Amino acid sequence: MGFARTCSVALVGVEGVVVEVQADLEPGVAAFTLVGLPDKSLTESKDRVRAAVVNSGATWPSKKLTVGLSPASVPKAGSGFDLAVACAVLGAAERIDPRVLADIVMIGELGLDGRVRPVRGILPAVLAAAHAGYEQVVVPECAAAEASLVPNLSVLGVRTLRQLVAILADEPVPDEEPDDPGRPDPLLAGLRVPGTGAATGMHTAGAAQHDGHDLADIVGQLSARTAVEVAAAGGHHLFLEGPPGAGKTMLAERLPAVLPMLTREESLEVTAVHSVAGLLPPGKPLIDVAPYCAPHHSATMQSLVGGGPGIARPGAVSLSHRGVLFLDETPEFNTQALDALRQPLEAGHVVIARSAGVVRFPARFLMVLAANPCPCGRFSLTDDFCECPPSAVRRYQARLSGPLLDRVDLRVQVDRVTRAELTERGARGESTEMVADRVRTARERAALRLTGTPWRTNSEVPGRELRSRWHARAGAMDEAERNLERGVLTARGLDRVLRVAWTVADLAGHDRPDARDVALALQLRTGVPRGVPMSIGAAT
């Protein structure tokens, strides 16, 4: 009888569980049994592993073979267990010393010819192995850079099973023929599969800058530009309402470039989610800029918050974690899908319960809503261009529920661009670089104030903490509190006004919010003029 064991990782959302892969050989009729709650793709690994072992020059044992995946109560999915299963079988057959395999974590899919193919979720799987105390992992060669992002861990990247067997058996490592340089790498095929819910209009802030998107391209819109700056500095949600062609989409597309670079911890969080979704940019294993996600208004609830058949996959709210989620033509979205955003907006994560288990994805994003004032888009309190009946305008505006809008900190009316503004020559607005410098300074000031707490931006701080630990100047909140008594603001709205006021104070360089900072925050929150200029510089 032969026995060997090694380890792999089962992913549940973006969290990993180390799985012990055990192989047992007994005399009897040749058979291959795989146990431990495998899914269909994992059950098919029996044929892939047998062909890969034979085509790698090893002998397949002609005995009764049982492979167990422990703990057996955790569902296992995907083809990332192939490499561990093959090595456990070879260890039980004494082709490899079983003692060498015991403390190694192996992740990778095997081709029939023995090549090791990458799988999704390499980074969260390696993170789980490191947290479990393992010190060495084996991954596909093309995924070694992604696995190396985890510190204090020895990463071995292999291209074929034959190479790995030689390394583990302390034999000369064979040279593999390189692929033709002019042809795409076949090992990377399958990581970005169409139809998996990943096509959500993704790009990064770096891509936006490379495409020439600059805030200086925005004509006029001083109020909206101020709101974008405040949103970026404090992580506040933003609602832009205005006629078509006024620049709502242009403002949203330029917002990610204003956000600061991600910290190391944030980069690992974002990269882990994108690795599970198969959206990592080629040649760049670490995402260090704020992601941008703009799903179409026909998106379903599952594509927004996550889910799908079988093991739940991350949705748009998770793919935009630490970045921007832009919902253009928001009233055209499904009402239930929009209301499903309430929980992640408050909690910073989304919990998806399915029969196969409960999955938790991170979802701390900056949401930008854009909407026309009516179906034709020309409704205005000052003009009479709109041809929609009042009932149609009310129905259209009622598609955005009050509880959802109550979670939006900034609401700005984007006015129609005039001919004079559009044809004016000479001075342009501030560039993205200038605004980004102010935003970075404001965030540093907020982070210094919040040192020793689990929060880093003003939007994350609970209202009770703001009211008890960080006070505005005496009398600064009087007007906001009167709005609460009159019913203009809810209790949540009052807390959000205070958060925005702290962000305005950080941008203006104030140690605490004063009455003008709170007035500007109220103006941004309610859209009602408060007698202060819609400009941070003018408010100082």
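The structure displayed is predicted, hence computed values, not measured ones.

Run through the packing of aromatic side chains, naming residues and quoting values.
Counted by the stated rule, this structure contains 2 aromatic pairs. Measuring from ring centre to ring centre gives 5.6 Å for Phe 32 and Trp 60, while their planes differ by 40°; the resulting arrangement is tilted. Here Phe 32 is found in strand S3 (residues 31-35), whereas its partner Trp 60 is found in the loop between helix H2 (45-55) and strand S4 (64-70), with 28 residues between them in sequence.

Break down unusual backbone geometry for me, with residues and values.
At the junction of Ser 70 and Pro 71, the peptide bond is cis and its omega measures out at 5° in the coordinates. The phi dihedral of Glu 94 falls on the positive side, at around 65°, and the residue is not glycine. Mapped onto the fold, Glu 94 is located in the loop between helix H3 (82-92) and helix H4 (98-101). Located in the positive-phi region is Asp 170, a residue other than glycine, with phi close to 55°. Tracing the backbone through its elements, the reader meets Asp 170 in the loop between helix H7 (161-168) and strand S10 (203-204).

Got a sec to walk through the pairing of strand S11 (residues 238-241)? Specific residues and values, please.
By the alternation rule, side chains of S11 split into Leu 238 and Leu 240 and Phe 239 and Glu 241, which are all buried. In terms of strand pairing, S11 meets strand S16 (residues 366-371) through 4 bridges, oriented parallel. Counted as the bridge partner of Leu 240 is Ala 370 from S16. Here 4 bridges tie S11 to strand S17 (residues 410-413), and the two strands are oriented parallel to one another. Paired with Phe 239 across the strands is Arg 411, a residue of S17.

Help me get a handle on the confidence of the model for the protein chain, residues and values and all.
The predicted model of the protein chain has a mean per-residue pLDDT of 87, with 91% of residues at 70 or higher. Summarising per-element confidence for the protein chain, the mean pLDDT is lowest in helix H8 (residues 205-210) (44) and highest in strand S5 (residues 105-106) (97). Segment residues 193-200: pLDDT under 50, and 9 contacts once partners within four positions in sequence are set aside and those in other chains are kept. Low pLDDT, under 50, characterises residues 204-210; the predicted model gives this stretch 11 contacts beyond four residues in sequence or across chains.

Give me the lowdown on H3, citing residues and values where you can.
Among the 11 residues in H3, 11 count as buried, and that is most of the element. Just beyond H3, the residue with positive phi is Glu 94, at close to 65°.

Lay out the pattern of salt bridges with the relevant residues and their values.
Inspection of the entire model under this criterion finds 28 salt bridges. Across the salt bridge formed by Arg 322 and Glu 266, the nearest N and O atoms sit 3.9 Å from each other. Taken together, the residues span a long stretch of sequence, with Arg 322 in the loop between helix H13 (316-319) and strand S13 (324-327) and Glu 266 in helix H11 (residues 264-277) at a distance of 56 residues. For Arg 322, a relative accessible area of 23% translates into the label partly exposed. The exposure class assigned to Glu 266 is buried, which follows from its relative accessible area of 18%. Note that Arg 407 is salt-bridged to Glu 346, the shortest N-O span being 3.6 Å. Of this pair, Arg 407 sits in the loop between helix H17 (402-406) and S17 while Glu 346 sits in helix H15 (residues 342-347); the two residues are 61 residues apart in sequence, bridging distant segments of the chain.

Residue-level account of the pairing of strand S8 (residues 136-140), with values.
The buried fraction of S8 is high, at 4 of 5 residues. As paired elements, S8 and strand S9 (residues 154-158) share 5 bridges and run parallel to each other. Among the inter-strand pairings, Val 138 is bridged to a residue of S9, identified as Leu 156.

Go over the nonpolar core with me, naming the residues and quoting the values.
One recurring pattern in soluble globular proteins: nonpolar side chains tend to sit buried together. Val 230, Leu 238, Leu 240, Val 368, Val 518 and Leu 524 are the most contacted members of the largest nonpolar core, which totals 58 residues. Broken down by element, this core gets its largest block of residues, 9 residues, from helix H22 (residues 491-508). Residues within four places of Val 368 in sequence aside, it is in contact with Leu 238, Leu 240, Ala 252, Leu 255, Val 324, Leu 325, Phe 326 and Leu 327. Core analysis: the second largest hydrophobic core is formed by 39 residues, Ala 4, Trp 60, Leu 83 and Leu 161 among them.

What counts as what
Residues numbered from 1 in each chain as written. Predicted model: local features only at pLDDT ≥ 70, side-chain atom pairs only at ≥ 80, totals over all residues. Heavy atoms only, no water. Phe/Tyr/Trp six-rings, centres within 6.5 Å; stacked < 30°, edge-to-face > 60°. Helix = DSSP H or I, 4+ residues; strand = E, 2+ residues; numbered from the N terminus. Buried < 20%, exposed > 50% of the residue type's maximum accessible area, 1.4 Å probe, protein only. Pairing = 2+ DSSP bridges. pLDDT = per-residue confidence, 0-100. Contact = heavy atoms within 4.5 Å. Salt bridge = Lys/Arg side-chain N within 4 Å of Asp/Glu carboxyl O. Core = buried A, V, L, I, M, F, W, Y, C linked by side-chain atoms within 4.5 Å.

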